[in-house]
Amino acid sequence: FQFMLGKLIGGIGVSLTSTVVYLVGGIVLVTYMGFEDYIPYYLIPWFLIFMFLAILMFGSIAAALGSTCNEPKDAQSLNFPAILPALFPMFVYFPVVKEPLSSFSTWISLVPPFTPLLMLLRMATPEAIPAWQPYAGLLGVLLFTLFFIWAGGRIFRVALLIQGTPPKLANIIRWAIRG
């Protein structure tokens, strides 16, 4: 668990460093151009919180799945399921932006793996979403992140000890449950 957590902390450090560079650079550039009224400062804390939790959530499952692989072809076959929760929100961006208050937009943005991307998108639209939704989404993401870190740590530990076994979904689920 500590070994996997070290990898996650390194990923967070890299992400936060690049985020600060881009945020500060973007704010300075937009202010220099005279468009500072268009900067949604109220979204920056939400962005940082959701980004931090998303890195932990996606990073822990990616580290766990990566630890089960002995060969590059095994890693390639597990790569798609690992990035699917991050890719899916990109396919529904346009319906969410078009109608951010629709029931589809509301419910899809409350699904924890999709919340960090879609909730921020909904919050950035001109229409005001109900105040409880970002907090409910944040709670769901926090719970899922804790679960993914816990399950990922268990998978990571067992997978590092068992070498030479090709990754199978049944084994990965068993390792997450039994440890």
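As shown above, the structure is provided for reference.
The sections below set out a description of the structure shown in this document.

Calculation criteria
- Residues numbered from 1 in each chain as written.
- Predicted model: local features only at pLDDT ≥ 70, side-chain atom pairs only at ≥ 80, totals over all residues.
- Heavy atoms only, no water.
- Helix = DSSP H or I, 4+ residues; strand = E, 2+ residues; numbered from the N terminus.
- Contact = heavy atoms within 4.5 Å.
- Phe/Tyr/Trp six-rings, centres within 6.5 Å; stacked < 30°, edge-to-face > 60°.
- Axes fitted to C-alpha atoms, helices over the stretch in contact; angles between N-to-C directions.
- Parallel < 35°, antiparallel > 145°, perpendicular 65-115°, else oblique.
- Left-handed = near helix turned anticlockwise from the far one by under 90°.
- Buried < 20%, exposed > 50% of the residue type's maximum accessible area, 1.4 Å probe, protein only.
- Nonpolar A, V, L, I, M, F, W, Y, C, P; charged D, E, K, R; others polar.
- Core = buried A, V, L, I, M, F, W, Y, C linked by side-chain atoms within 4.5 Å.
- Lys, Arg positive; Asp, Glu negative; His and termini not counted.
- Salt bridge = Lys/Arg side-chain N within 4 Å of Asp/Glu carboxyl O.

Mapping Thr125 onto the fold places it in the loop between α6 (115-124) and α7 (132-161). Contact partners of Thr125, with chain neighbours within four places excluded, come to Val97 and Pro100.

All right, on to the packing of aromatic side chains then. Going through the model one piece at a time under the given rule, you end up with seven aromatic pairs. With a centroid separation of 6.1 Å and 50 degrees between ring planes, the pair formed by Phe35 and Tyr38 is classed as tilted.

On to the packing of helix α1 (residues 2-33) against helix α2 (residues 43-67), then. As a packed pair, α1 and α2 sit with axes 10 Å apart at the nearest point and diverge in direction by 150 degrees. Classified by the angle their axes make, α1 and α2 are roughly antiparallel. The handedness of the crossing between α1 and α2 is right-handed. On the side of α1, the interface is formed by Met4, Leu8, Gly11, Ile12, Ser15, Leu16, Thr19, Leu23 and Ile27, while α2 contributes Ile44, Phe47, Leu48, Met51, Phe52, Ile55, Leu56, Gly59, Ser60 and Ala63.

Assignment of secondary structure puts Lys168 in the loop between α7 and α8 (169-178). The class of Lys168 is exposed, set by a relative accessible area of 51%. Through-space distance from the C-alpha of Lys168 to that of Asp74 is 9.7 Å; in sequence the pair is 94 residues apart.

So, about the packing of α2 against α6. A pair of packed helices is captured by two measures, namely the crossing angle of their axes and the spacing between those axes. Contact geometry for α2 and α6: axes closest at 9 Å, N-to-C directions at 165 degrees. As judged from the angle between their axes, α2 and α6 are roughly antiparallel. In this structure, the crossing between α2 and α6 has a hand that is left-handed. Residues Leu43, Trp46, Phe47, Phe50, Ala54 and Met57 of α2 pack against Thr115, Pro116, Met119, Leu120, Met123 and Ala124 of α6. Here the residues of the contact of α2 with α6 sort into 11 nonpolar, one polar and no charged.

This brings us to the nonpolar core. Formed by 15 residues in total, the largest nonpolar core has its most connected members in Trp46, Phe50, Met119 and Met123. For this core, the elements supplying multiple residues, two or more each, are α2, α6 and α7. Discounting chain neighbours no more than four positions away, the residues touching Met119 are Phe50, Ser109, Leu110, Ile129, Gln133 and Pro134. Counting residues in hydrophobic clusters, the runner-up holds 13 residues, among them Ala64, Leu65, Ala82 and Val158.

Take the side chain of Arg122 next. Its location among the elements puts Arg122 in helix α6. Within the buried set, Arg122 has no salt-bridge partner at all; the shortest N-O distance to an opposite charge, 8.4 Å, is to Glu127. Ignoring sequence-local partners within four residues, the contact set of Arg122 consists of Val96, Pro100, Leu101, Ser105, Thr106, Ser109, Glu127, Ile129 and Gln133.

Note that Gly153 resides in helix α7. The exposure class assigned to Gly153 is buried, which follows from its relative accessible area of 6%. Separated by 22 residues in the primary sequence, Gly153 and Trp175 have C-alpha atoms spaced 9.8 Å apart.

By themselves, these are just geometric observations and shouldn't be taken as functional.
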